[in-house]
Amino acid sequence: MSSGDRREAAPAAGEVKNGVVSGDLSQRQIQSEPASGVVAPSQNQRLRLNPSKDHKPESYDDMQLDFSPSIFSSLERYLPPPMLGVNREEKVKFMREILMKYLPQGERTRVQRHRDYRQKIITNYQPLHRELYNLHIGNFFVPPFVKAIQDNTEESFRSIISEPSPGVFTFEMLQPRFCELLLAEVENFEKWVNEAKFRIMRPNTMNKYGAVLDDFGLETMLDKLMETYIRPLSKVFFAEVGGSTLDSHHGFVVEYGKDRDVDLGFHVDDSEVTLNVCLGKQFTGGELFFRGTRCEKHVNTGSQTEEIFDYSHVPGRAVLHRGRHRHGARATTSGHRVNLLLWCRSSVFREMKRYQKDFSSWCGECFREKKERQRLSIAATKSELLKQEGESTT
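Residues numbered from 1 in each chain as written. Predicted model: local features only at pLDDT ≥ 70, side-chain atom pairs only at ≥ 80, totals over all residues. Heavy atoms only, no water.

(A) Here's a closer look at the nonpolar core. Among the nonpolar cores identified, the biggest contains 62 residues, and F141, M173 and L275 are the most heavily contacted of them. Those elements giving two or more residues to this core turn out to be α4 (105-124), α6 (143-151), β4 (168-172), α8 (176-196), α9 (219-237), β8 (273-280), β12 (317-322) and β14 (332-345). For this core, the element with the most residues is α8, which contributes nine residues. When near neighbours in sequence (up to four residues on either side) are disregarded, M173 contacts F140, F141, V142, F145, L225, I230, L275, V277, G316 and A318. Counting 21 residues, the second-largest nonpolar core is a separate cluster that includes L65, L79, V86 and M95. (Core = buried A, V, L, I, M, F, W, Y, C linked by side-chain atoms within 4.5 Å. Buried < 20%, exposed > 50% of the residue type's maximum accessible area, 1.4 Å probe, protein only. Helix = DSSP H or I, 4+ residues; strand = E, 2+ residues; numbered from the N terminus. Contact = heavy atoms within 4.5 Å.)

The following block contains the structure:
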């Protein structure tokens, strides 16, 4: 596939979408004012590469913050040891200054405008099915999925999950009733948008149709979905890309078919882990095609035979994959297809990635380059040994 066919959905470093940091965080760490009796971290001190496993993070839900409270709780384990004992306000100040250095003033203004935009929707839009706005386990998920998450073991997860291609996991997840309710809620929202002549933001730069679920009140429900159900799976299957530290999300629906988007070009997602669930309705076509996971450096490299995989959507069935797993959607040739997408992100992983040079644990091309270096090294060593043996014999 030519590079001209490939479009990368991930924004440039420093971009923010829907009030959430969506690129690599700045390497520069900011000195915090010392709390009484506590030595402030030096200017060159930065977040630890490994978390303090025995440290229990505080809750920041009751504080007025520029970022999601869960981001602060997640980052707290990575604070320098001198910062772990200070009060919440000092911790917030230290972490906020790290984040704000990454977020220019122009982006801060855009974030505030988006908050105002979201508040206007929530104030005026009347939900059709309020039961959707709280996570009801029995009404949302199929029983085998619920049991696997409750057992919370790799064995229980693998009992319901298939891996038809490396790094692509599929499983039955949503009940038909939930799919129907969410479809009806989205249609009701779009009806309100048209009647109110309200201009809404679309999910991303590639989709002209669909809606951001977080914008009309479903953010809390989707956050709980990520934390309680997706993060346990990601901890097992995607630990190398921050699967255990997912702390923010971007939730939306996309629509394909007549008078909607037709297909989706080759791209990567602005996420560490992506959940993609078909909600319905009746349709043909629309297959997902996967072409291997790549880091930023290798995003446009070719695909290996074992990386080529096509997946056909089934309503209620989920696909879970790395955000950097290159993929696209073929044309929906008839009917109407709607999918729920949850881009799950880890602020910790994005910060740590700034200091990493080797991505061979998840980038297919980095892995192949590493294997080739090892092969050449072994060949050179073998050649040298044979040469020395020949000289010794002579």
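From this point, things continue past the structure.
(B) The arrangement of the environment of P166 in detail. With respect to the helices and strands, the residue P166 is situated in the loop between β3 (162-165) and β4. When the C-alpha positions of P166 and E306 are compared, they lie 8.3 Å apart, and in sequence the two are 140 residues distant. Apart from residues lying up to four places away in sequence, P166 is in contact with E306 and H325.

(C) Broad picture of the confidence of the model for the chain. Summing up the model confidence of the chain, the mean pLDDT is 85 and the portion of residues at 70 or higher is 87%. Here residues 1-44 is modelled with pLDDT under 50, and outside its nearest four sequence neighbours on either side it reaches 120 contacts, counting other chains as well. (pLDDT = per-residue confidence, 0-100.)

(D) Molecular detail of the packing of aromatic side chains. Within the structure shown, the criterion is met by 20 aromatic pairs. Aromatic pair F140 and F141: ring centres 6.2 Å apart, planes at 80°, arrangement edge-to-face. For the pair shown, F140 and F141 are each scored as buried. Both rings, one in F359 and one in W362, keep their centres 5.5 Å apart while their planes meet at 55°; by these two values the pair is tilted. In this structure, F359 and W362 share a single accessibility class: buried. Counting every residue linked through ring pairs, the aromatic cluster contains Y117, Y125, F189, W192, F198 and F216. (Phe/Tyr/Trp six-rings, centres within 6.5 Å; stacked < 30°, edge-to-face > 60°.)

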